[in-house]
Amino acid sequence: MPGTVVIGGQFGDEGKGKIIDFLGDRADVVVRFQGGANAGHTVQVGEDLYAFHLLPSGILRPRTLNVIANGVVIEPGQLLKEIEEVQARGHAVKNLRISDRAHVVMPYHKLLDGLEETLKGNLASGSTRRGIAPVFEDKVGKWGLRMCDLVDPEVLREKLATVVPVKQRIVAAYGGTETLDAEALFKEYAGYGEKLAPYVTDTSVLLDAQLRRRRRVLFEGAQGTHLCIDHGIYPYGTSSNCTAGAAATGAGVSPRYLEEILGVAKAFTSRVGTGPFPTEQEGEVATHLRETGGGEYGTTTRRPRRVGWVDLVMLRMSVRVNGLTGLAVTKLDVLGGLGKVRACVAYRDEGRTLKDFPASMKVLSRVEPVYRDLKGWPELPEDAWIALAAKGKRALPEPVKRYLAFLEAQLQVPVKIASVGRSRAATMTLAR
Ligand code: GDP
């Protein structure tokens, strides 16, 4: 700190929410800077489980300021639902600020998302149909509505009067039969604007002031490096930048404040949606990885995740494009009971060895992983892992320590946090 960025090193769902919550103890501010309600973070506090799509993970700590910054796209109805849910469970939500420059997801974005996904055929990326690609298309194409428009009825009505007829033509051209009603949209969204207005402000000014005072600001990445629109597996990813650089543009702060960049990686790999996945497993190993330790099902979609061994070609790229200063390795408990643990150290492609992650989908679909086998460790109940976590690194089973040392040597980055279960208590700091 002051500026610490937490980034997903793989395909999202690495357990970032839990790591942010763990670090949240030491943070004054938690910031979401990209993505939208297509992200899903699970945070467990004691027996209580919370699933957030838009709210930052620090929202349950009343003294921590939580910011939804300009890089996020906001579905107002969903955000209000999350706010009301958290309030109903006894939290005041006085600690939330929303950027006046964040773009708003409209119902026509969701409609177009579904229509585009159908038209895309093989290029379909398994969209969550939350309207994310169309809202980013509008942001770049300059058709977008921002939070500052949502809270200003005059501007909102005027913009909708221009945009909605154009969207209607696109819906029809894509084969949609739905009718868009600008006046009904205005009424519904002006209502959301009124409710959200107290939270809306210039969050860049706010964050700059916090960082100048050397307050500790945690930038919370959503999705993961390999879903990034620039550096991910294109087109099978998301529509925003998910790498560390996006923390600066997506929050409106200078990159010089970003001092620590922590990559979160599962001890294996999982993903939802389509696209190449070189270390993917099926059969017994897949069942073990998917079913152990709470299960691998998407927070947003509840789709079963595809699973496989850890891929160091992929993680090496994450180390590079994000400039990771440390790793948080999660779900070490889930690998327990497998006998041996495998790690992909390179790919073989038509007689060549690839150490760097290829851009071409054609190449990526045909590569063969080169594995290194390591000794496994026993399956333990969560209580036993929590007891080990409380004792610190030295108490971890020898093969776990060797596995972590192997990752450090391969990736040239220290493992700073290890996670061995879902709860806060099953998390340990290995290095600062
Ligand atoms: P995020 O989007 O990166 O925050 O990840 P998700 O919340 O979608 O998925 C992570 C899931 O793994 C959640 O259900 C967490 O409770 C769970 N989880 C996080 N760390 C661990 C861990 O070390 N062990 C186990 N068994 N579960 C974990």
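Everything numeric in this text was worked out from a predicted model, so none of it was measured.

Here we come to the packing of aromatic side chains. When we look at a pair of aromatic rings, we describe it by the centre distance and by the angle of the planes. Considering all chains together, one arrives at five aromatic pairs under this definition. Judged by centre distance (6.0 Å) and plane angle (35 degrees), the ring pair of Tyr50 and Phe52 falls under tilted. For Tyr50, a relative accessible area of 5% gives the class buried. Lying across the ring of Tyr50, Arg89 places its NZ or CZ 3.9 Å from the centre. Positioned above the aromatic ring of Phe186 is the side chain of Arg157, whose terminal nitrogen or guanidinium carbon lies 4.1 Å from the ring centre.

Its domain assignment divides the protein into domain 1 (3–102 + 199–262), domain 2 (103–196) and domain 3 (265–429). Taken over C-alpha atoms, the centre of domain 1 sits 23 Å from the centre of domain 3. Each side of the interface is counted separately: domain 1 has 37 residues, and domain 3 has 40 residues. Interface area, domain 1 with domain 3, both sides summed: about 3200 Å², of which 58% is carbon and sulfur. Considering only the side of domain 1, the residues that lose the most area to domain 3 are Gln10, Phe11 and Lys18, jointly responsible for 21% of the buried surface there. The interface formed by domain 1 and domain 3 holds three salt bridges in total. When the shortest N-O distance is used, the salt bridge between Arg424 and Asp21 registers 2.5 Å. On the surface where domain 1 and domain 3 come into contact, there are 20 residue pairs in polar contact (both at pLDDT 80 or more). At the level of elements, helix 1 (16–24), strand 3 (41–45), strand 4 (48–52) and strand 11 (258–266) are the ones that each hand at least two residues to the side of domain 1 that touches domain 3. Looking at which element gives the most residues to the side of domain 1 that touches domain 3, the answer is helix 1, with five residues. Split into classes, the residues belonging to the side of domain 1 that touches domain 3 amount to 17 nonpolar, 12 polar and eight charged.

In this model helix 7 (residues 182–196) runs 20 Å from its N-terminal to its C-terminal C-alpha over 15 residues, within 8% of the 21 Å that 1.5 Å per residue would give. If you check which residues of helix 7 are buried, you get Leu185, Phe186, Tyr189, Ala190, Tyr192, Gly193 and Leu196. When helix 7 is viewed along its axis, its buried side chains cluster within an angular range of 160 degrees and face the same direction. Summarising the geometry of helix 7, the exposed residues directed more than 90 degrees from the buried face are Lys187, Glu194 and Lys195. Capping the start of helix 7 is the job of one residue whose side-chain oxygen sits 3.1 Å from the backbone nitrogen of Glu183: Asp181.

Here is what the cut-offs are and how they apply
- Residues numbered from 1 in each chain as written.
- Predicted model: local features only at pLDDT ≥ 70, side-chain atom pairs only at ≥ 80, totals over all residues.
- Heavy atoms only, no water.
- Phe/Tyr/Trp six-rings, centres within 6.5 Å; stacked < 30°, edge-to-face > 60°.
- Buried < 20%, exposed > 50% of the residue type's maximum accessible area, 1.4 Å probe, protein only.
- Lys NZ or Arg CZ within 6 Å of the ring centre and 35° of its normal.
- Domains from an automatic or database assignment.
- Contact = heavy atoms within 4.5 Å.
- Buried area = accessible area lost by both parts, 1.4 Å probe.
- Salt bridge = Lys/Arg side-chain N within 4 Å of Asp/Glu carboxyl O.
- Polar contact = N/O pair within 3.5 Å; in protein donor to acceptor, adjacent residues only side chain to side chain.
- Helix = DSSP H or I, 4+ residues; strand = E, 2+ residues; numbered from the N terminus.
- Nonpolar A, V, L, I, M, F, W, Y, C, P; charged D, E, K, R; others polar.
- Expected span 1.5 Å × (residues − 1).
- Arc of directions from axis to C-beta.

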